[in-house]
Amino acid sequence: MVTLTIDDKQVSVEKDATIYDAAKAAGVNIPILCHDKKLKPFGACRMCLVEVEQMKGRLIPACTTPVTEGMIVRSSTPPVEKARKLVLELLMLNHPLDCPVCDKGGDCELQNLAYDHKVNSNRLADEKFHHEIDYNNPLIERDQNRCVLCGKCVRICDEIVARGALTFISRGIETTIGTEFDGPLSCEFCGSCISVCPVGALLARPFKFKSRFWAMTKKKSVCGYCGTGCNVTLGVKDNKVLTTVYDENQGFHNGQLCVRGRFGYQFISSDKRLKTPLIRKNDQLVEAGWDEALALVAERLKGAGSAAAALATPRMTNEELVLLKQLMTQQVGSQNIDHSAGYGHAAVSEGLGKSLGVAASSATILDIQKSDLILAIKTDVYETHPVVGFEINMAVKNKGIKLQIISDKRGKLSRLPGANLLLNKPGSDVALLNAVAKVLLDENLAVTPATPELAAALNDFTPEKVAELTGVAADAIRDLARAYAAAEKAIILFTSGLAYPGADAQLAHAAANLAILGGKLGKEGSGILALQEKNNSQGALDVGFVPGQGGLDAQQILAGCSAGSIKTLLIAGENPVVSYPAQAQVKKALDAVEFLVVADLFLTETAQMADVVLPVCSYAEKAGTFTATDRRVQKISAAIPAVGQSKPEFQVYGELISLLGGQPAATQAEAFAQIAAYAGISYAELGEGGAFAAVKLQPVQVVPKVVTVAVDAGKFALLTGAALYHCGTMSLYGEGTVSVCGEAYVEISRNDAAKMNISEGAEVKLTSSTGTVSVKARISPRMSEGVAFAPYHFAEASINTVWSGAAVTGVTISK
Amino acid sequence: MSEAVATTETTEVEEPVIDLALAEEVIQKYKDIPGNLMPVLQGIQDAYGYVPRITVDYVAERLNVYPSQIYGVLTFYAQFHLKPRGKFIIRVCMGTACHVLGAERIKESFYDRIGIGHAETTPDRRFTFELVACLGACGMAPLSMVNDETYGKMTVQKVDEIIKEYSSLPI
Ligand code: SF4
Ligand code: SF4
Ligand code: SF4
Ligand code: FES
Ligand code: FES
């Protein structure tokens, strides 16, 4: 610790603190412009100048100068004030000062600083900038005239996002912020640059002229897309969500969001929202009242027993899932409940459930930056859970944490400094993990001895044998095993969900075995973290929204519909027609079932087939809890009133329970209290940032079954997955996300494209044994020859017409 | 990563076909040296006469740096050229001494004859024209240069001679 004096206040801080940090600790406010607590010190703007007794004769930038023992700092002497005023005058010399029409007005640091320092006139005069405003993309407006060259956008896009879309161009007076060859932004549209820009140089286009900053109420919430569980602040005016508002102190992620969280909010107040219940009459869905609709549903469910079933989306709150489960199992008498097509949660429910003794991850997202080594299985995490990707970027770039990757395609992660990629053939992940485990045993690197069963099973997985199967050199496998064993703390990550059938129970077993053998469970910075798809995927498992004793799973439910044994199906928020594999079979099942009820925000492809459609609320209109993928339980409350006549599902299923003579939990707190996994957490006391539910590990070595996937010669190995810009099918109703990624596509390697003479953006046909779909080709350096990747979100060219749920599908690609 | 890259790029009108093998050669030379971005870019400029856009993408991929970052470097240093350059680089000094002795007229004369202004290149890529600050030989003002050749005490007539001379050389 170092002790110093700032404005006559004594303060003790860590020895690597800066004067700025120390001042903050002492409660002294030093103005900053280019400094950001999330970024490395930069020292460009000179707003933070202070006087230091020991360094007389010049002014010292507080944000970059380390503290020393006995330092005497003065933060607002006349020379300091004068210097700051000059800095501001210089900044405003060429700045347009078009505050009346600038969306940053009221939230602008330049405005605030000018106000604080009473800069009401300028002693200098010069021409204003006249740079052209960049409107080359639908989401981010870049107005260099307002730029103060603080470099925060450049730095955040590099240091945290690892995208590097922006850079300083030219030098001296001509310096601007721009892109390569002044072209359009090549960008993830995470909006991080917008959020840190202190002025109106970077603005969110969808929000332009929607509201003055101060006219909005800011409502805290939790992002409704993926399992990361980012906290968001919604900007609300006239009962509409108009934007997301950056708050650098919000959440473990310090306000960082991805494109979905930042720009995908428009679905909430979308015109396409369902406003009233719909009932099919004369083969037409017509508007109806809630009473009629619910009475009809109740009548169908009454006494239906196991002829009824429910599929729910893990986007619902825990409390809603509790009620829907109660409705089905107690009032209706059916154990046929499931979510995520069943296999979408198998990695955690069955895989970790058996291997760790609890259907949850052992590690949390916070462990990533505390680890020594990250083993990422598939690189997709930066696309499926972009903000977790940021954590990895920071771990690797700022902390030098080692990154090992096992993946069937390259990606942003494999470009991080020092990242080591084992590029394996599609579908060979489990064999590869087994081989790593085998090396741990053979080289006496295992901390926990293997059970005889596991040891015996691993005999078939020598690195040499597996090398051939996976296309990864035996030595690379050995090196990975050694690195994993040598790391004091190591965390294994993998993505799971609807589009990742390869992330199944077997993969989870194989990964868990590594952690068990390597002695990496149960300590900080170590363990296994499954990155589950939806915002409440973990909650759905904790509530137990899975088939009960003797109940059917999702696939069996659909088969039951086709076979006629399931007569009433309630689908809450899932969109199987687009997101479950084998579209033809899904449609057949939904056609066949006698009575289909769909509760959703939109008239989805699935809802269009329903007999009754119930309009329900988005996360912005309801209360309850979501459980992030690392078992962080977080509370939300309504930011706006329900849209149209839509109702929160908590109310809908509560009413149905009552109609069927049951007793629903009266409040969210009451329903929450019924979730055994959350014993010890009080709903009422859940505050910002939530609370982690306990995970009690009982590790068991399970022998994974290895199924080798072979694709016929001459065919492409088609991998399915998620696109960075989307999550499930809900983001297709978020205009922002669609504006930058609105169409289905397939990624293929440059060599394959050249061979088939396919150019970027060309329409190609994918054909598998189950069908054909036309999508746009993208030529991508990520792909290896013979491997193709297609995201699954798009209804127009739904990939599930060619994909029937296999981890790898053989397809032909033709023009 | 050893990815084959398409070797033609048609986005820039005048950009010729680029053989990336040259770029790869340069990269190979500096591959294992830390801080190799500057020498690689200089090597590329030497190999192609300028830094073609496609080589930027290629270097970005091979050295694992952002294309934007390379562009930042290229625009920071005046030595880099992003457009194809002529075989003969005509430089006209606009420094004080040369200015006083009529550099403006020399500039105009060149413009009249080859029709290009500062930092431009003729479509046949024979000439690139540049205005520069003091070339350090004020005694010979007004001064011009063609590649490494210096021409002192320039006159309109000399401009004609220079153009004639270099127009007859092969390109
Ligand atoms: S939106 Fe994100 S990826 Fe795009 S330039 Fe800004 S920080 Fe970089
Ligand atoms: S655009 Fe904004 S964040 Fe980027 S340098 Fe300019 S003022 Fe700073
Ligand atoms: S989609 Fe996921 S990563 Fe993106 S902001 Fe929402 S919770 Fe965070
Ligand atoms: S805030 Fe310290 S130099 Fe910019
Ligand atoms: S001014 Fe032209 S050479 Fe010096």
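Residues numbered from 1 in each chain as written. Chains lettered and ligands numbered in written order. Predicted model: local features only at pLDDT ≥ 70, side-chain atom pairs only at ≥ 80, totals over all residues. Heavy atoms only, no water.

Caption draft 1: Seen up close, the interface of chain A and chain B. Residue-level contacts link 23 residues of chain A with 20 residues of chain B. Carbon and sulfur atoms supply 51% of the area that chain A and chain B bury against each other, a total of about 1900 Å² over both sides. Counting the surface chain A buries against chain B, the share from its top three residues, A:Phe181, A:Arg415 and A:Arg750, is 40%. Run the count over chain A and chain B and you get one salt bridge. A salt bridge links B:Glu61 to A:Arg750; the nearest nitrogen and oxygen atoms lie 3.7 Å apart. (Contact = heavy atoms within 4.5 Å. Buried area = accessible area lost by both parts, 1.4 Å probe. Salt bridge = Lys/Arg side-chain N within 4 Å of Asp/Glu carboxyl O.)

Caption draft 2: Up close: the sheet that holds strand 12 (residues 240–245) of chain A. Residues and elements named next belong to chain A. One open sheet holds the three strands; their spatial order is 10-11-12, and the pairing between them is antiparallel. One side of each edge strand has no neighbouring strand; the edge strands of this open sheet are strand 10 (217–222) and strand 12. When the angles between neighbouring strand axes are averaged without regard to direction, this sheet yields 40 degrees. In this structure, strand 10 lies alongside strand 11 (residues 231–237), joined through six bridges in antiparallel fashion. Each residue of the ladder has a partner; that of Lys-218, found in strand 11, is Gly-235. (Pairing = 2+ DSSP bridges. Helix = DSSP H or I, 4+ residues; strand = E, 2+ residues; numbered from the N terminus. Axes fitted to C-alpha atoms, helices over the stretch in contact; angles between N-to-C directions.)

Caption draft 3: Structural detail: the packing of helix 3 (residues 53–63) of chain B against helix 4 (residues 67–76) of chain B. Residue and element names in this part refer to chain B. Between helix 3 and helix 4, the shortest axis-to-axis distance is 9 Å and the interhelical angle comes to 120 degrees. Judged by the inter-axis angle, helix 3 sits oblique to helix 4. In the packing of helix 3 onto helix 4, the handedness of the crossing is right-handed. Mapping the contact onto sequence places Val-56, Asp-57, Val-59 and Ala-60 in helix 3 and Pro-67, Ile-70 and Leu-74 in helix 4. (Parallel < 35°, antiparallel > 145°, perpendicular 65-115°, else oblique. Left-handed = near helix turned anticlockwise from the far one by under 90°.)

Caption draft 4: Looking closely at the pattern of salt bridges. All names here are of chain A. By the definition in use, this model includes 45 salt bridges over all chains. Residue Glu-464 pairs with Arg-478 through a salt bridge whose shortest N-O separation is 2.9 Å. In this pair, Glu-464 sits in helix 14 (residues 463–470) while Arg-478 sits in helix 15 (residues 474–486), placing the two residues 14 residues apart along the sequence. Residue classification places Glu-464 among the partly exposed residues on the basis of a relative accessible area of 46%. On the basis of relative accessibility, which here comes to 17%, the residue Arg-478 falls in the buried class. (Buried < 20%, exposed > 50% of the residue type's maximum accessible area, 1.4 Å probe, protein only.)

Caption draft 5: Geometry of the site of ligand 3. Residue and element names in this part refer to chain A. In the neighbourhood of ligand 3, the contacting residues comprise Cys-223, Tyr-225, Cys-226, Thr-228, Gly-229, Cys-230, Leu-257, Cys-258, Arg-260, Gly-261, Pro-386 and Val-387. Put simply, the parts of the chain that give the shell around ligand 3 at least two residues each are helix 6 (259–263) and helix 11 (386–399). Taken together, the residues of the shell around ligand 3 break down into eight nonpolar, three polar and one charged. (Near = heavy atom within 4 Å. Nonpolar A, V, L, I, M, F, W, Y, C, P; charged D, E, K, R; others polar.)

Caption draft 6: Up close: the environment of A:Leu697. Residues and elements named next belong to chain A. Mapped onto the elements, Leu-697 comes out in the loop between strand 27 (691–692) and strand 28 (716–721). Between the alpha carbons of Leu-697 and Ser-355 there is a distance of 9.0 Å; along the sequence they are 342 residues apart. Residues within four places of Leu-697 in sequence aside, it is in contact with Leu-356, Val-358, Ser-362, Leu-521 and Gly-522.

Caption draft 7: Region of the structure containing the UniProt feature "domain: 4Fe-4S Mo/W bis-MGD-type" (unreviewed entry) in chain A. UniProt records the feature "domain: 4Fe-4S Mo/W bis-MGD-type" (unreviewed entry) at residues 216–272 of chain A, using the numbering of this structure. Strand forms 33% of residues 216–272 of chain A and helix 9%; the C-alpha atoms that close the span are 23 Å apart. (UniProt positions renumbered as here; feature names shortened; annotations may be inferred.)

Caption draft 8: Spotlight on the packing of aromatic side chains. Residue and element names in this part refer to chain A. Enumeration according to the criterion identifies 12 aromatic pairs over all chains in this entry. Note on Tyr-225 and Phe-267: the rings are 5.8 Å apart at their centroids and 65 degrees apart in plane angle, and the pair reads as edge-to-face. A residue pair is termed long-range when its members are at least 10 positions apart, and Tyr-225 in the loop between strand 10 and strand 11 and Phe-267 in the loop between helix 6 and strand 13 (278–281) qualify at 42 residues. Note on accessibility: Tyr-225 and Phe-267 belong to one class, buried. (Phe/Tyr/Trp six-rings, centres within 6.5 Å; stacked < 30°, edge-to-face > 60°.)

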